[in-house]
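Coordinate inspection notes
In case you want the letters, here they are:
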Amino acid sequence: MALFHSTTKIISRSDAGNVVAAAAYRSGTRMTCARTGQVFNYKRKRTVTYRAILAPADSPAWVFARTQLAAAIESREERKNSPLWR
């Protein structure tokens, strides 16, 4: 019998978190943060077997583009201790 396990973590700026870095790492892609100018390259990561963005069907098209979604989340909050992403 298989058992399912799920872990949810909060990405916040107070823990030196960056949504673009977290999205690039979890998807195994290369992304650039528009706010800081940093480039996060995780293309060599071989353990990513599946990538998906789950959103309602009536969501705008930019929500399904990983770089645009991460940039929108990163630029929306301005407080230094705000939780950005779960």
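Just so you know, these numbers come straight off a predicted model, no measurement behind them.

**Focus on the packing of aromatic side chains**
Using the criterion set out here, one finds one aromatic pair in the structure. Pairing Y25 with Y42 gives two aromatic rings, centres 5.2 Å apart and planes at 85°, and the pair type is edge-to-face. Taken together, the residues Y25 in helix α1 (residues 19–27) and Y42 in the loop between β3 (39–41) and α2 (66–76) connect sequence positions 17 residues apart. Overall, Y25 belongs to the partly exposed group, its relative accessible area being 42%. Residue placement shows K45 over the ring face of Y25; its charged tip is 3.5 Å from the ring centre.

**A short note on the nonpolar core**
One finds V19, V20, A21, A23, A24, M31, C33, F40, A70 and L84 forming the largest nonpolar core, which totals 10 residues. With five residues, α1 is the single largest residue contributor to this core. Beyond its immediate sequence surroundings of up to four residues, A24 is in contact with T29, M31, F40 and Y42.

About the cut-offs
- Residues numbered from 1 in each chain as written.
- Predicted model: local features only at pLDDT ≥ 70, side-chain atom pairs only at ≥ 80, totals over all residues.
- Heavy atoms only, no water.
- Phe/Tyr/Trp six-rings, centres within 6.5 Å; stacked < 30°, edge-to-face > 60°.
- Helix = DSSP H or I, 4+ residues; strand = E, 2+ residues; numbered from the N terminus.
- Buried < 20%, exposed > 50% of the residue type's maximum accessible area, 1.4 Å probe, protein only.
- Lys NZ or Arg CZ within 6 Å of the ring centre and 35° of its normal.
- Core = buried A, V, L, I, M, F, W, Y, C linked by side-chain atoms within 4.5 Å.
- Contact = heavy atoms within 4.5 Å.

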